[in-house]
Every structure is written in structure tokens, then in C-alpha cells.
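# Reading the structure
So you can see what is in the structure, the chains are spelled out below.
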Amino acid sequence: MIRAVYPGSFDPITNGHIYIAERAASLFDELLLAVLVNPEKNSTFSVEERQIMAREALIHLPNVTVKYFNGLLVNFMRQEQSRIIIRGLRALSDFEYEFQLAQMNRQLAPEIETFFIATDAKYSYLSSRGIKDAFRFGGTVRDMVPPGVYRRLRERIPPTNS
Ligand code: ADP
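Below or above, wherever it landed, is the structure these notes cover. This structure is a prediction, so every number in the text was calculated from the model and none was measured. (Residues numbered from 1 in each chain as written. Predicted model: local features only at pLDDT ≥ 70, side-chain atom pairs only at ≥ 80, totals over all residues. Heavy atoms only, no water.)

### A few points about the environment of Arg55
The condition that has to hold: Numbering of helices and strands runs from the N terminus; a helix is a DSSP stretch of H or I covering at least four residues, while a strand is a stretch of E covering at least two. Three labels apply to residues, based on accessible area from a 1.4 Å probe with only protein chains included: buried if under 20% of the type maximum, exposed if over 50%, partly exposed otherwise in between. Residues adjacent in sequence count toward polar contacts only when both atoms are side-chain atoms; beyond that, a polar contact is any pair of N or O atoms within 3.5 Å, and within protein one must be able to donate a hydrogen and the other to accept it.
Relative to the elements of secondary structure, Arg55 occurs in helix α2 (residues 47-57). What makes Arg55 partly exposed here is its relative accessible area of 41%. Sequence separation between Arg55 and Lys67 is twelve residues, and the spatial gap between their C-alpha atoms is 9.3 Å. Of the polar contacts made by the side chain of Arg55, one reaches the backbone oxygen of Val66; its length is 2.9 Å.

Dropping the structure here:
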């Protein structure tokens, strides 16, 4: 039984994240989507809200569970008895950060492997931050996030007219 962990901020989960989760869920027996508790507490949505939105969005995938974690990812991986970290890659610009993170995690826990899944071209521009910024200034983001996220964005982020 192979369990993989897909960690991230998911603030909020987007269609790009869902695509990666779907592909990973089809490759491994279990996928655990792990929502990072932001130490700086500067996230738009609380860790509870981020988990609820992720659970709703991934309900069609029976082998996916959603949890949160604090602190070092490799400690969480060991606690959850998983040796596979899933990360999504959009463009070359993701690579440097992701590569550094993977190297750091390997130094900390050599038994853990990071797997990268390339996104679909139609999601290559999507990021949680981009969606929040576009939404704030009146952009149409309805097709970029699941319906539950869209509804909560409308409740959480007041429109700006400038
Ligand atoms: P972090 O805050 O750790 O960068 P995110 O929640 O933004 O995490 O993203 C988690 C993972 O999902 C990262 O590996 C990121 O590259 C990937 N990701 C984010 N958006 C997309 C997307 N549109 N397509 C594919 N992967 C994505």
C-alpha cells in the first residue's frame, strides 16, 4: 500500500491543484493532501476553511484524504508513514524553488522522494495568489476554481474598484 502526500498552502485550492491531485490519486493507493498551517498566519483562509474547500473539491476521489500539518514536512511524512511527496510543476519558474525544496527535504530525510507532476497547459498560469488578485479587481475567476471556493471568495474578498 503506497501512500503519497501532496503538501501545500492551498489558500485556496484551485483547478490546477485538483488536476495534480487527480493524477496522483490515480497513481498511488492513497493520497493525503496536506494543508500547511502558515506560521506567519497571513493566509486568506483559515486552515479549517482550506481543508473544507479541499475536501469538497476532491470528494469524487475516494482514495484522497485531507489533513493539516505544522512544522517540518518530513516529520509529518514520517508520522503518516509516507515516503512520497507530490508537487506540481507549472513553468520553469517553479523549478528552482521546487528543486531547492526537494534537495532540502532529501538532506533532512534521505528515504523520502519528491515526485513532480507537470500541470496541464490550461492550468499553467493558475496560482492561488493570482486568482485572489484577479478576483479582488473584478476579474472572472469562476472557471479557475471549484464552485465552493468561488462562493467563499465572494464572501471573503470585497471587490475593489480601483
Ligand atoms: P506552496 O504555497 O507550497 O507553493 P501551493 O498551495 O501554492 O503551495 O501549491 C502546492 C503545489 O501545487 C506546489 O507544488 C505548486 O507548484 C503546485 N501548483 C500550484 N498551482 C498549480 C497549477 N496551476 N498546476 C499545477 N500545480 C500547481
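### Side note on the site of the ligand
To keep it simple, the criterion reads: Each residue is tested against the molecule or strand, and it is near if at least one of its non-hydrogen atoms lies within 4 Å. Exposure was quantified through the Shrake-Rupley algorithm and a 1.4 Å probe, taking into account, for residues, occlusion by the shown protein chains and nothing else. Just so you know the grouping, Ala, Val, Leu, Ile, Met, Phe, Trp, Tyr, Cys and Pro go in nonpolar, Asp, Glu, Lys and Arg go in charged, and all remaining residues, Gly too, go in polar.
Tyr6, Ser9, Gly88, Thr119 and Tyr123 are the nearest of the 16 residues found near the ligand. A distance of 2.7 Å separates an oxygen atom of the ligand from a polar side-chain atom of Tyr6. Between the ligand and the protein, one listed contact pairs a nitrogen atom with a backbone N or O atom of Tyr123 at 2.9 Å. In the complex, the protein chains occlude 88% of the 550 Å² of accessible area that the ligand would expose alone. Breaking the shell around the ligand down by element, the ones donating at least two residues are β1 (3-8), α1 (15-27), β4 (84-89) and α4 (92-108). Taken together, the residues of the shell around the ligand sort by class into six nonpolar, six polar and four charged.

### With respect to the packing of aromatic side chains
Keep this limit in mind: Two rings from Phe, Tyr or Trp (for Trp, the six-membered ring) form a pair when their centres sit within 6.5 Å of each other. Planes less than 30 degrees apart are called stacked, planes more than 60 degrees apart edge-to-face, and all others tilted.
Within this structure, the stated rule accounts for six aromatic pairs. With a centroid separation of 5.1 Å and 85° between ring planes, the pair formed by Tyr6 and Phe10 is classed as edge-to-face.

### Observations concerning the packing of helix α5 (residues 128-136) against helix α6 (residues 147-156)
Think of two packed helices as two axes; the pair is described by the angle between the axes and how far apart they sit. Just so we agree on the cut-off: Here an angle of 0 to 180 degrees is reported between the N-to-C directions of two axes, which are lines fitted to C-alpha atoms, with helices fitted over the stretch in contact. Under this scheme an angle from 65 to 115 degrees is roughly perpendicular, one under 35 degrees roughly parallel, and one over 145 degrees roughly antiparallel; angles in between are oblique. Crossing chirality is assigned from the near helix's rotation relative to the far helix, an anticlockwise turn below a right angle marking it left-handed and a clockwise turn marking it right-handed. Should any heavy atoms of two residues lie within 4.5 Å, those residues are counted as being in contact.
The N-to-C vectors of α5 and α6 enclose an angle of 55°; their axes lie 11 Å apart at closest approach. What the angle tells us is that α5 and α6 run oblique. Seen along the crossing, α5 lies across α6 with a hand that is right-handed. Between α5 and α6, the residues in contact are Ile131, Lys132 and Phe135 and Tyr150, Leu153 and Arg154, respectively. Residue classes in the contact of α5 with α6 are distributed as four nonpolar, no polar and two charged.

### Some words on the nonpolar core
Taken as a class, soluble globular proteins show a tendency for nonpolar side chains to be buried jointly. Threshold: Think of a nonpolar core as a cluster: buried Ala, Val, Leu, Ile, Met, Phe, Trp, Tyr and Cys residues, connected wherever their side-chain atoms sit within 4.5 Å.
Of all hydrophobic cores here, the largest spans 37 residues; its most connected members are Tyr6, Ile13, Leu31, Leu33, Leu58, Ile86 and Leu153. Where this core is concerned, the elements lending two or more residues are β1, α1, β2 (30-36), α2, β3 (64-69), β4, α5 and α6. It is α1 that provides the largest number of residues to this core, a total of six residues. In this view, Leu58 contacts Ile13, Ile18, Ala21, Leu33, Val64 and Val66; residues no more than four positions away in its chain are not counted. Residues Val5, Val74, Phe76 and Met77 belong to the second largest nonpolar core, which totals eleven residues.

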